[in-house]
Amino acid sequence: MRVSLFVTCLVDQLWPSVGTSAVNVLRRAGCEVEFDQRQTCCGQPAFNTGYRNEARVLARRFIEIFEESKADAIVSPSGSCTAMVHHFRELFAEDEPWRIRAERVAERTHEFASFLVNVLGVDDLGASFSGRVTWHDACHGLRDLNLHSEPRRLIRNVRGVEFVELANADACCGFGGTFSVKYPEISVAILDNKIESIEKAGVRAVVSGDASCLMQIGGRLSRKASPVRAMHLAELLASRE
Amino acid sequence: MNHPTETAEATGYGPPNAFDQNVLKALGDEQLHSALRNLVVTFGSKRQAAINSVEDWEGLRDEARAIKDETLAHLDRYLEEFANNAERAGAQMHWARDGHEVSNIIIRLLHERNAKRVVKSKSMATEEIHLNSALEDAGIETVETDLGEWIIQLACETPSHIVVPAIHKSKKQIADLFVAKIGIEPTDDVAKLTSAARRVLRQRFAEADAGISGVNFGVAETGTILILENEGNIRLTTSLPKIHIAVMGIEKVIPHFADLDVFLKLLPRSGTGQQLTAYQSLITGTKKRPADEGPEELHIILMDNGRSRMLAHPVTRQSLACIRCGACLNACPVYQQIGGHAYGSVYPGPIGAVITPQLIGLSKATQLPYASSLCGACREVCPVKIDIPALLLHLRSEVVEGTAAGSADQKGPVKRKFAERLAFRLYAFAWSRPFLYEWAARIARLAQRLIVRQGRIGKVSGLVARIAPPFGAWTACRDAPPIAQRTFREQWREDSKIK
């Protein structure tokens, strides 16, 4: 299967190992991976802050670039960016031609874990990682895309992993895009509930499907000099240790 | 008089536009935190258990939403049907455009009957319009009879939760309040406190000239109003005094009596985690024979107060499907941290952040649509499937575009945020040009050398925080990742192994 990778701007610039890991994992699952270097961002920061005109500029670009692709699927290592692509239609509610194009692109756009399990039917990538890990449900993956069992199946099949469930796995980490800097005190107060249960779980790594949540959780862990690593699912699945 | 839906000063919290300052006060309140933790644990688990006792919860939610959508699509017709049938059963109907009209109708009715003492049961509609202070100004003595509402009335505060209005108060605070206001002996015995409340309130019921209530549902087909409760005070409020006045938001009407079956399964389970409330008062008109018990007059006031404005817009219309269960408050990570008063409105939490700006005008509640991480937990628990995140996003776009829905006097200019606007313009310009996007990363990579230590960016202050406030806000408590030494696309281009 031919896959066009939408790597997301956050992964591209801040967390490139997530992108390279995703490429490796997709190849291991038998996909041919292409990457269109014209891509940048889905426009989510603008959309979520209310700047719809700015979001439309980036949405149109995204649609133009990815509808040219002959790939069978567009895959992104981010639940929230994938959800944003699925939101494009709302940006073009009064612009039918663009709305139709948006819907066509959205149909082909899949979140990484969901693509592996639901489209390819793969839940064992032959990865290995020793130690106890837990999973944080990124909100948009969980509630917009209904991702729940897929990442857990993938993690449980990693050799050497002891998977533990957090009591508040499905609770928000407090990131929320610009919310995290508009109301940093609330954002961190919410985050600390998550950090507390991660620390209690005694894990080596907390795994998630969104670089934004990992930036939030990882940023706090790092500030607290915690040994726990914030890790993307793609990185775990690419791991061979 | 207070402006409608603004928090009373006694709480120490400012209006909705002071949200950012209110937040700091709330986060520093340890007592509030422990109360909120209890709320979340208790209501969360009770709600889940109550939901599990229903076979097809999702189906019920869909059914409820469909009923609400149908009603809202033909609201004029159902309201007329409701009013006609209620009148036929003996009720007197009143229509009010806003809170002032509601207050004036009630004051006129009470003055005409020389009614001076009023008992009131819990009602968000009357909280919304600050009826109590209007009645007080008109020389009418009003007593809240719901225990929680009575507590906050004694404390001169406003509710901090739609269902549990005094959730922010500890047992100790309530005991101290009772000592100061009703002169009981100091005690920490809950039974003694409630029996003291009962003693005072019973006396008020016996003396009351009129009872004022809200309405949970108004059935168009029969003209019946339904009010749910657990304490029995609503039953007394609506049956003991000679006059019963019910204040009903126009969105409370439902078409058929049989629809109650759906909502009675949803509301108590979502609100308090009960399969059913202890009391359900169904009131159809007045007593039929003089010898019967019950009030001689029933007045139902249908209140708009901004609701028809919400109805007019296809996106905001679903705000009116809300049945005021409070489940979204309990599920909201933001509410869980800051409680209700920080929102500066009698409607707090996610649904409050949606409703308040539409009631009082976006210019007076500009921050509230942003008081959410958009996690969607509210949408997940909402018994009528209101897409609260979508509504918040819509309101955010109204803030940005200055197209706020609101009546002329409420519209007012929404404060523009020039730096933010400029930042998003630049972002859209640069991020739609891969060349600029890449150069931005390269420049940032050079600049960050000044602040990156051991592969991470710690707390920035001084000049950097002044130039880029969001950066200062982020790094106050969290490290930030630096721009990668080689971005993904650089690796893709240069590294044959990846490509």
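Residues numbered from 1 in each chain as written. Chains lettered and ligands numbered in written order. Predicted model: local features only at pLDDT ≥ 70, side-chain atom pairs only at ≥ 80, totals over all residues.

Enquirer: Where do I start with the domain arrangement of chain A in this structure?
Expert: Think of interface size as the accessible area that goes away when the parts come together; that is how it is often given. Residues and elements named next belong to chain A. The domain architecture assigned to chain A consists of domain 1 (2-118) and domain 2 (125-238). Put simply, the middle of domain 1 and the middle of domain 2, counted by C-alpha atoms, are 22 Å apart. Counting residues at the interface gives 30 residues for domain 1, matched by 24 residues for domain 2. Elements that contribute at least two residues to the side of domain 1 that touches domain 2 include exactly α1 (9-14), α2 (16-28), α3 (44-49), α5 (79-91) and α7 (112-119). In terms of residues, the side of domain 1 that touches domain 2 owes the most to one element, α2, which gives seven residues. Residue composition of the side of domain 1 that touches domain 2, grouped by class: 15 nonpolar, 13 polar and two charged. (Domains from an automatic or database assignment. Contact = placed C-beta atoms within 7 Å. Helix = DSSP H or I, 4+ residues; strand = E, 2+ residues; numbered from the N terminus. Nonpolar A, V, L, I, M, F, W, Y, C, P; charged D, E, K, R; others polar.)

Enquirer: I tried to follow the environment of Ile234 of chain B on my own but got confused; where do I start?
Expert: Residue and element names in this part refer to chain B. Here Ile234 is to be found in helix α11 (residues 233-239). It is 14 Å that separates the C-alpha atoms of Ile234 and Thr126, two residues lying 108 residues apart in sequence. Excluding residues that lie within four positions of it along the chain, Ile234 makes contacts with Ser121, Ser213, Ile227, Glu229, Tyr279 and Ser281.

Enquirer: Got a minute to help me understand the sheet that holds strand β7 (residues 205-208) of chain A in this structure?
Expert: The strands that make up a sheet pair up through hydrogen bonds in the backbone, lying either parallel or antiparallel. Residues and elements named next belong to chain A. With respect to topology, four strands assemble into an open sheet ordered β6-β5-β7-β8, the strand pairing being parallel. Each edge of the open sheet carries a strand with a single partner, namely β6 (159-164) and β8 (229-232). With strand direction ignored, the average angle separating the axes of adjacent strands in the sheet is 40°. Most of the contacts of helix α9 (residues 149-156) go to strand β5 (residues 128-136), to which it runs at about 165°, and overall it touches β5, β6 and β7. (Pairing = 2+ DSSP bridges. Axes fitted to C-alpha atoms, helices over the stretch in contact; angles between N-to-C directions.)

Enquirer: Just to check I follow, could you spell out the interface of chain B and chain A for this structure?
Expert: The partner chain A presents 50 residues to the 49 residues of chain B that form the contact. Among the secondary structure elements, those contributing two or more residues to the side of chain B that touches chain A are α1 (19-27), α15 (333-338), α17 (377-381), α18 (388-401), α20 (418-431), α21 (434-447), α23 (469-475) and α24 (488-494) of chain B. Of the residues that constitute the side of chain B that touches chain A, the class distribution is 32 nonpolar, eight polar and nine charged.

Enquirer: What's the story with the sheet that holds strand β2 (residues 117-120) of chain B in this structure? I'm lost.
Expert: Residue and element names in this part refer to chain B. Ordered by their spatial adjacency, six strands build an open sheet running β1-β10-β7-β4-β2-β3, and the pairing between neighbours is parallel. Whereas interior strands pair on both sides, the edge strands pair on one side only; in this sheet they are β1 (91-96) and β3 (141-144). Neighbour-to-neighbour, the strand axes of this sheet turn through a mean angle of 20°, independent of strand direction. As paired strands, strand β7 (residues 243-249) and strand β10 (residues 297-303) are joined by seven bridges and run parallel to one another. Bridged to Gly249 within β10 is Met303.

Enquirer: Which parts of the structure should I look at to understand helix α4 (residues 52-68) of chain A?
Expert: Because each turn of an α-helix spans 3.6 residues, side chains separated by three or four positions end up pointing in the same direction. Under the 1.5 Å per step criterion, the end-to-end length of α4 of chain A is 24 Å for 17 residues, consistent within 8% with the ideal 24 Å. Arg52, Glu54, Ala55, Leu58, Ala59, Arg61, Phe62, Ile63 and Phe66 of chain A are the residues of α4 of chain A that are buried. (Expected span 1.5 Å × (residues − 1). Buried ≥ 20, exposed ≤ 12 C-beta atoms within 10 Å, placed from the backbone.)

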